[in-house]
Amino acid sequence: KSERFQAWHRSCFSTQAASAETQRIVVSSLASVHHYLTDPKAWAVIPASIAMTNISQKAEQLTFRRLEPAPPCRTCSVLVAKAYGRNKLVQDFLQCCTAFTEERSYLHKL
């Protein structure tokens, strides 16, 4: 994780800011997080893509909010071996990946 992300996380989720009554649960599958949101005081931080897909089945029972301040942007990279980088099939696949990710800007839906 980047230092900028770590600094943001510390400022928002400082262990000093958490009260002694705060309960924390770590789930291995974000798709199942809605099962733990039964208490009216319960909340979770999840990626927008999960909120828009798996959690939307419970949307009438949940409130969705953006994190403020928002976390810093992250960079995702694709690594392709030089031997295959100019291959038409690889180029077509990368174009499909780019189009797919550009079509799914989940943040504007929240």
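Basis of the calculations
Residues numbered from 1 in each chain as written. Predicted model: local features only at pLDDT ≥ 70, side-chain atom pairs only at ≥ 80, totals over all residues. Heavy atoms only, no water. Helix = DSSP H or I, 4+ residues; strand = E, 2+ residues; numbered from the N terminus. Buried < 20%, exposed > 50% of the residue type's maximum accessible area, 1.4 Å probe, protein only. Contact = heavy atoms within 4.5 Å. Areas by Shrake-Rupley, 256 points an atom, 1.4 Å probe, with all protein chains shown as cover. Salt bridge = Lys/Arg side-chain N within 4 Å of Asp/Glu carboxyl O.

Novice: Just checking my understanding: could you explain the overall build of the chain for this structure?
Specialist: When helices and strands are tallied, the chain shows 4 helices and 0 strands. Taken across its 110 residues, the chain has 10% of its residues classed as buried. Long-range contacts, defined here as pairs at least 24 residues apart, represent 49% of the contacts in the chain between residues at least 6 apart. For the chain, the accessible surface area stands at approximately 9700 Å², while carbon and sulfur atoms represent 54% of it.

Novice: Whenever I open this one, the pattern of salt bridges confuses me. Can you help?
Specialist: Pairing between side chains becomes possible if they bear opposite charge and their charged atoms approach one another. Applying the stated criterion across every chain yields a total of 2 salt bridges. The salt bridge partner of Glu3 is Arg10, with a shortest N-O separation of 2.9 Å. A relative accessible area of 54% means that Glu3 is categorised as exposed. Here Arg10 falls in the partly exposed class, since its relative accessible area comes to 47%.

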